[in-house]
Amino acid sequence: MRCGFCEWRCEIDEQRHGVCQMYSARQGVIEERFPNRWSTYSLSRIEALPFYHVIPGSRTMTLGTTSCNFKCRYCSNAYVALADPAEHAPSMYEMTPDDLVRQARKLSCRSMVFNVNEPTVSLPSLLALKRSCEAASLPMGCLTNAYTTEEGTELLASIFDFFNIGLKGITSAFYKEYIGVPRIDPVLRNVRRLAAIRHVEVTTPVIQGVNDDHLQETAEFLAGIDPEIPWHVFRLLPEHEMKTAEYPSIDAVNDMLDSARTLLKHVYFHNFVGSNWVNTRCPQCGENVIERISLGCGGDRLDRFNCTDNRCRKCGREIRVLGTVAPDFVERVVCA
Ligand code: SF4
């Protein structure tokens, strides 16, 4: 039978497990090959994932399984996303949804985020986890490549309350050459759909000389959907097959973003230590309303939350944030 979760629409059965190698089909039913097995579960700050506009300053439990439906040539998670899942399975953690929720509670997490690999390859386990999270009032988020079918996208939206979508380029030619899928169209369709019904942030990993010339068009695409979508431009240090690629110049990429900043209200440029472009400015008066520290390599954290009831303290403009600052967040104390 055909798997309808993502646009590969693989023919699967008891022996054939699709491009992702994560599903089987038996008597007309799709089964997960490794249910409730997790390659990792750990504690993180939500800004590090990155989510900059979701419960700022909160702790989150991050999760992953194995495999992916993309084959990115520069993948920095190749050891888990591109390896054979059957080889990983014996060393993975077997945890029920209730086990995970208990752990998250114990660690004072305010959400659960699937962030290591593509959630589309583990949907049944994530659907089960959703039920436990809902019972515990823990919102769920994920990082996704959004290559789902329309039905798959609705399934994702039924599980996750917030998304960070990896929009890796803006042309089918790029997706074909560097990602290994024939078309970008389903991704663009799904960004539009998810942004209409859920909190969405978007991340574009920028690779010097490869997709840096896509930045302006990507900003225009996002602005056409909603100028308040937070956009993370990620300075990518390519891995896997592209280890020898040049590291992006911070100044050159930053200059390219000047025009994007006139289209989108929240353009962030990070994934390197000490970035100056990780703060949220009020779209109305320009005040710094959320300040962060960039520690590089997904280590960002909240520094100050200068809003009252998610509104700029200077001009009162609403700042779009899902939830509000975590009640246990402690501002940095500046010594005189
Ligand atoms: S999730 Fe995608 S890649 Fe995996 S079996 Fe289904 S259609 Fe194929």
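Look above for the structure.
Residues numbered from 1 in each chain as written. Predicted model: local features only at pLDDT ≥ 70, side-chain atom pairs only at ≥ 80, totals over all residues.

Caption draft 1: Summary view of unusual backbone geometry. The omega angle of the peptide bond from L49 to P50 is 0°, so this bond is cis rather than trans. Its location among the elements puts P50 in the loop between β4 (40-45) and β5 (59-64). One non-glycine residue, Q21, lies in the positive phi region at around 65°. (Helix = DSSP H or I, 4+ residues; strand = E, 2+ residues; numbered from the N terminus.)

Caption draft 2: Broad picture of helix α8 (residues 215-225). When we look at burial in α8, the residues that qualify are L215, T218, A219 and L222. Buried residues in α8, looked at end-on, bunch into an arc of 100°, giving them a common side. (Buried ≥ 20, exposed ≤ 12 C-beta atoms within 10 Å, placed from the backbone. Arc of directions from axis to C-beta.)

Caption draft 3: Region of the structure containing the environment of F160. Mapped onto the elements, F160 comes out in the loop between α5 (150-159) and β9 (162-166). For F160, a count of 23 C-beta atoms within 10 Å puts it in the buried group. It is 28 Å that separates the C-alpha atoms of F160 and C312, two residues lying 152 residues apart in sequence. Setting aside anything within four residues of it in sequence, one finds F160 in contact with M140, G141, C142 and R198. (Contact = placed C-beta atoms within 7 Å.)

Caption draft 4: The sheet that holds strand β11 (residues 231-235), seen in detail. Across the sheet, eight strands lie side by side as β4-β5-β7-β8-β9-β10-β11-β12; this open sheet has mixed pairing. Looking at which strands have only one partner, the edges of the open sheet turn out to be β4 and β12 (267-270). Averaged over neighbouring strand pairs, the angle between their axes works out to 20° when direction is ignored. The sheet contact formed by strand β8 (residues 140-144) and β9 spans four bridges and is parallel. Within β9, the residue paired with C142 across the bridge is F163. (Pairing = 2+ DSSP bridges. Axes fitted to C-alpha atoms, helices over the stretch in contact; angles between N-to-C directions.)

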